[in-house]
Amino acid sequence: MTSRDAQTRSEKRSGTPLSRRAFTTAVGATAVTAAGIPAAVPAAAAGTAADDVTRERPFRAARGRHARRPNILFILGDDLGWADLSSYGSPHIRTPHLDRLARQGVRFTDAYSGSATCSPTRFSLYTGRYPGRTKGGLAEPIADRSVGLEPTHPTLASLLRGVGYATALIGKWHCGYLPDYSPTRSGYDEFFGNFGGALEYYSKLGLAGEYDLYEGDAEYKDLRYYTRVLTERASAYVQRDHGDSPWLLNLNFTTPHWPWIADGDTEASAEVVRRIKAGDRSALRHGDGGSVEKYTEMVEDLDRSVGEVLKALKRSGQEKDTLVFFASDNGGERFSYNWPLAGNKGSLQEGGIRVPSVLRWPARIEGHQVSDLPVFSPDWTATLLELGGARPDPAHPLDGVSLAGYLLRGETPKERDLFWRVRGERALRRGDWKYYRGRSGADQLFNLAEDRREQADRAKAAPERLAALRASWERTDSGLLPYPTGS
């Protein structure tokens, strides 16, 4: 297949040609990206992120180049919506550093998280398996000390460490609490960050009022703004001399997760802290705080922070041989910009699980590319293990599929199903088709190539297809752990 054929196929899938003329005609009203993503782009944005998107070409592997095993910098935002980056269509949030990262590599339009909330997705990433394979993955999300990622379970970190990688996790863990669960018990040489699902950005107080900033398994006192602290730590790590060892760094920001406190918001911080200390268990959720403007400020701060880490990586001389991946852990919350997707965090509609995802590896992958290949979190686990020269543990087979052949050799991935399950909802994607059952209990069928917003239910028009996808979902579900009775 020629590159022109690939472009034509991509245009048919998206319904949108890739020409600059089509884009410039639309600037100031509604632009359409190379992947068919409607993006309300102001005229001021012309020539920046929106213009970068028009130069994208459908992904193709660059053959024949050799590189050593890559360093891996895997960055997660927290509750970042699919279209919260300007390169994904946000009309009001400016993310020049992440847009540059996308420009230098591959932007994925149909990438998904492993689940619809924080800790199950992290389970799926660390293990490469469906969250329902493990007891801790059934918590959606983990909220107490009763469960976590069992230290005996092989992980991305433990398997890469077994073949010579230095491993570190900086930021949000959210896969269990001390004394039984910790990154340092699950394959990471180093940990600096928080154990819980959220914390107040200055005081580091968690949902129950506990202090939640640790170095290893010991409390670490630092009352500066959390995103700044993580950025400093990560910048120092990527510039460190690791000798001949490649390294894996999972950098898990809490930004832009609630509470809605930006750098410098000391008065808002003090009020949230006062309420936490007074026993208000809802204070951290900040249901009476935040705004679109405050959320924008937090996302743009995340972008600057990623930019600082990437600058440090460049100064280290390791940029060419470092694979950088950026994504969100699940869909966005109430201030996110998810258009045109329906739903948000917690839902298996597209807005709850489709996430911005960008990959850059200068030594092997060319820039200005876009891929509409459907992928999800466990696939990246399998991919990074293969690229790092590690093999999965045969006693814990992966549910993800390695994309190394696709990325490096141009192999066409076999069509397979992407599966999700949360309490009260189910979903499965096969090709362009998605089977979905929400809390209403009604089975629905959508063609995502024609209807990303999931509004045109095709269940009655295609009952055989619906039945086949439902049967596949139920076969997979039958091999997972059941949810606890009454949950």
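Right, let's walk through the structure included here. (Residues numbered from 1 in each chain as written. Predicted model: local features only at pLDDT ≥ 70, side-chain atom pairs only at ≥ 80, totals over all residues. Heavy atoms only, no water.)

Turning our attention to the sheet that holds strand β16 (residues 417-422). Within the open sheet, the four strands sit side by side as β16-β17-β18-β19. Their pairing is antiparallel. One side of each edge strand has no neighbouring strand; the edge strands of this open sheet are β16 and β19 (443-447). Neighbour-to-neighbour, the strand axes of this sheet turn through a mean angle of 15°, independent of strand direction. Here six bridges tie β16 to strand β17 (residues 425-430), and the two strands are oriented antiparallel to one another. (Pairing = 2+ DSSP bridges. Helix = DSSP H or I, 4+ residues; strand = E, 2+ residues; numbered from the N terminus. Axes fitted to C-alpha atoms, helices over the stretch in contact; angles between N-to-C directions.)

Take the packing of aromatic side chains next. Counted under the stated rule, the structure contains 20 aromatic pairs. Taken together, a centroid distance of 4.9 Å and an interplanar angle of 40° make the contact between Phe59 and Tyr406 tilted. Highlighted residues: Phe59 in the loop between β3 (57-58) and β4 (71-77) and Tyr406 in helix α12 (residues 404-409), separated in sequence by 347 residues. Look at Tyr126 and Trp173: their rings are 5.5 Å apart centre to centre, the planes differ by 15°, and that puts the pair in the stacked class. Residue Tyr126 is located in helix α5 (residues 118-127), and its partner Trp173 is located in the loop between β7 (166-172) and β8 (190-194); the two are separated by 47 residues in the primary sequence. Like Tyr126, the residue Trp173 is buried in the burial classification. Following the ring pairs from residue to residue traces out a cluster consisting of Tyr112, Tyr130, Phe376, Phe419, Trp420 and Trp473. Across the ring face of Tyr211, the terminal group of Lys221 is positioned such that the distance to the ring centre comes to 3.6 Å. Of note, Arg233 hangs over the ring of Phe192, and the distance from its end group to the ring centre comes to 4.0 Å. (Phe/Tyr/Trp six-rings, centres within 6.5 Å; stacked < 30°, edge-to-face > 60°. Buried < 20%, exposed > 50% of the residue type's maximum accessible area, 1.4 Å probe, protein only. Lys NZ or Arg CZ within 6 Å of the ring centre and 35° of its normal.)

Looking now at helix α11 (residues 377-388). Here α11 spans 17 Å end to end across twelve residues, near enough to the 16 Å set by a 1.5 Å rise per residue. With eleven of twelve residues buried, α11 is to be regarded as a mostly interior element. A positive phi of about 80° marks Gly389, the residue just after α11. (Expected span 1.5 Å × (residues − 1).)

This part covers the nonpolar core. With 57 residues, the main nonpolar core has Leu73, Leu249, Leu251 and Phe326 as its most contacted residues. Of all the secondary structure elements, the ones that give two or more residues to this core are β4, α4 (96-103), β7, α7 (226-239), β11 (247-252), α8 (266-277), α9 (292-315) and β12 (322-328). When residues of this core are assigned to their parent elements, the largest contribution, nine residues, is made by α9. Setting aside its immediate chain neighbours within four residues, Leu73 contacts Trp247, Leu249, Leu251, Val309, Leu310, Thr322, Leu323, Val324 and Phe325. In terms of nonpolar packing, the next biggest core, distinct from the first, is built from 50 residues, Ile142, Tyr165, Leu373 and Tyr406 among them. (Core = buried A, V, L, I, M, F, W, Y, C linked by side-chain atoms within 4.5 Å. Contact = heavy atoms within 4.5 Å.)

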